[in-house]
Amino acid sequence: MKQETVDMILKFRDDRNWKQFHNPKDLAISISLEAAELLEVFQWSGADLECRDKLDKIKEELADVVNYAVLMADACGLDLDEIVREKVRRNEEKYPVEKAFGNKAKYTEL
């Protein structure tokens with residue numbers, strides 16, 4: 001994510017004086033709630049795994065999840081680029097290409 005996008009999210013919050021309400025607990029709850037709204041897009045869709053007709057709603061809910069994640073990182077003093085890179089490095093160790101390629105099994109089952 002570009003820094004200007006992160007800055008826009010934080011400015012939106014700051015312009016409204018909402019930082020005072022953004023503690024890690026409430027932001028974690030908000031991430032979960034918005035993720036549930038993203039999941040709701042697919043509720044009762046049966047075998048319909050396509051998302052073409054749902055893209056507008058998916059974009060809206062995914063943006064909410066990302067916005068709250070940015071706010072959570074800010075509230076906790078975390079650098080998103082750093083924590084994402086570290087997670088990818090750990091996942092590379094758990095899921096080496098030679099074992100995980102084309103395999104959906106959990107790392108403990110590879």
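Residues numbered from 1 in each chain as written. Predicted model: local features only at pLDDT ≥ 70, side-chain atom pairs only at ≥ 80, totals over all residues. Heavy atoms only, no water.

The subject of this paragraph is the overall build of the chain. Counting secondary structure elements, the chain contains 5 helices and 0 strands. Compactness check: the chain gives a C-alpha radius of gyration of 17 Å against a globular reference of 13 Å for 110 residues, more than 25% above the reference. Dimensions of the chain, computed from the C-alpha atoms along their principal axes, are close to 50 × 35 × 25 Å. Here the chain, with 110 residues, has 17% of them falling under the buried criterion. The long-range share in the chain, meaning contacts at least 24 apart out of those at least 6 apart in sequence, stands at 53%. Element-wise, carbon and sulfur atoms account for 56% of the exposed surface of the chain, whose accessible area totals about 8,800 Å². If you average the places of the 18 positive and of the 24 negative side-chain charges in the chain, the two averages end up 3 Å apart. (Helix = DSSP H or I, 4+ residues; strand = E, 2+ residues; numbered from the N terminus. Rg over C-alpha atoms; globule rule 2.2 N^0.38 Å. Buried < 20%, exposed > 50% of the residue type's maximum accessible area, 1.4 Å probe, protein only. Contact = heavy atoms within 4.5 Å. Areas by Shrake-Rupley, 256 points an atom, 1.4 Å probe, with all protein chains shown as cover. Lys, Arg positive; Asp, Glu negative; His and termini not counted. Charge placed at Lys NZ, Arg CZ, Asp CG, Glu CD.)

So, on to helix H1 (residues 3-15). Given a rise of 1.5 Å per residue, 13 residues ought to cover 18 Å, and the 18 Å separating the end C-alpha atoms of H1 matches this to within 8%. Listed in full, the buried residues belonging to H1 are Val6, Ile9, Leu10 and Arg13. Buried positions in H1, seen along its axis, are confined to an arc of 90° and lie on one side of it. Exposed and oriented more than 90 degrees from the buried face of H1 are Glu4, Met8 and Asp15. Of the surrounding secondary structure, the elements contacted by the buried residues of H1 are helix H3 (55-76). (Expected span 1.5 Å × (residues − 1). Arc of directions from axis to C-beta.)

Turning our attention to the pattern of salt bridges. If you walk through the whole model with that rule in mind, you get 9 salt bridges. For Lys59, the salt bridge is made with Asp56, and the minimal N-O distance between the two is 4.0 Å. Pair noted here: Lys59 and Asp56 are both in helix H3, with a separation of 3 residues, about one helical turn. For the salt bridge of Arg90 with Glu86, the shortest nitrogen-to-oxygen distance reads 3.9 Å. (Salt bridge = Lys/Arg side-chain N within 4 Å of Asp/Glu carboxyl O.)

Within the element layout of this structure, Glu61 appears in helix H3. The residues touching Glu61, leaving out its near neighbours within four places in the chain, are Glu34, Glu37 and Leu38.

To continue, consider the nonpolar core. In this structure, Val6, Ile9, Leu10, Leu27, Val70 and Leu71 together form the largest nonpolar core, which totals 6 residues. Looking at this core, the elements with two or more residues in it are H1 and H3. Examining the composition of this core, we find that 3 residues originate from one element, H1, more than from any other. Beyond its immediate stretch of four places on either side in the chain, Val70 contacts Met1, Val6, Ile9, Leu10 and Leu80. (Core = buried A, V, L, I, M, F, W, Y, C linked by side-chain atoms within 4.5 Å.)

Scope: geometric values only; no functional claims are made or implied.
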